[in-house]
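Analysis of the macromolecular model
Residue strings, one per chain:
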Amino acid sequence: MVALLRNCPQEVTHLRKELLIAVRHILATDLRNKFLPCIDHLFDENLLIGSGWTTRESVLCEGVRCYVRLWCYVRVLGVM
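Structure report, in brief. (Residues numbered from 1 in each chain as written. Predicted model: local features only at pLDDT ≥ 70, side-chain atom pairs only at ≥ 80, totals over all residues. Heavy atoms only, no water.)

Structural notes on the nonpolar core
- In this structure, L5, L20, L42, L48 and L70 are the most contacted members of the largest nonpolar core, which totals 19 residues.
- Taken together, the elements giving at least two residues each to this core come down to α1 (2-7), α2 (13-27), α3 (39-42), α4 (45-48) and α5 (53-77).
- Examining the composition of this core, we find that five residues originate from one element, α5, more than from any other. (Core = buried A, V, L, I, M, F, W, Y, C linked by side-chain atoms within 4.5 Å. Buried < 20%, exposed > 50% of the residue type's maximum accessible area, 1.4 Å probe, protein only. Helix = DSSP H or I, 4+ residues; strand = E, 2+ residues; numbered from the N terminus.)

Description of α2
- Its 15 residues place the ends of α2 21 Å apart at the C-alpha level, agreeing with the 21 Å of an ideal helix rising 1.5 Å per residue.
- Listed in full, the buried residues belonging to α2 are T13, R16, L19, L20, V23, R24 and L27. Angular distribution of buried residues about the axis of α2 spans 145°; they occupy a single face of the element.
- Buried residues along α2 sit against α1, α4 and α5. (Expected span 1.5 Å × (residues − 1). Arc of directions from axis to C-beta. Contact = heavy atoms within 4.5 Å.)

Overview of a nonpolar patch on the surface
- A contiguous nonpolar surface patch, about 230 Å² in accessible area, is contributed by L60, V64 and V68.
- With respect to the helices and strands, L60 occurs in helix α5. (Patch = residues over 30% accessible without salt bridge, like charges linked within 9 Å, V, L, I, M, F, W, Y side chains within 5 Å. Areas by Shrake-Rupley, 256 points an atom, 1.4 Å probe, with all protein chains shown as cover. Salt bridge = Lys/Arg side-chain N within 4 Å of Asp/Glu carboxyl O.)

Observations concerning the packing of α2 against α5
- Viewed as axis vectors pointing N to C, α2 and α5 meet at an angle of 10°, and their least axial separation amounts to 10 Å. Put simply, α2 runs roughly parallel to α5. From α2, T13, R16, K17, L20, I21, V23, R24 and L27 reach across to α5, where they touch T54, T55, S58, V59, E62, G63, R65, C66, R69 and L70.
- Residue composition of the contact of α2 with α5, grouped by class: seven nonpolar, five polar and six charged. (Axes fitted to C-alpha atoms, helices over the stretch in contact; angles between N-to-C directions. Parallel < 35°, antiparallel > 145°, perpendicular 65-115°, else oblique. Nonpolar A, V, L, I, M, F, W, Y, C, P; charged D, E, K, R; others polar.)

Structure, rendered in structure tokens:
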């Protein structure tokens, strides 16, 4: 998933938004344990939301939802 977000072009906002929705759904399942090794990468704002202006404006809401899910998950596990 990190590789998909990293390789996703900055101009393709709908694809990045779909990937963020997929991350949110995965975090709601037991597969969220697989994200632990790459949790530092997922907290990188440029990776999760993107660096393009259009992408930031259209994907920011979905990105914040993913950050909240990630933070709640990390807080429950006591990783940080």
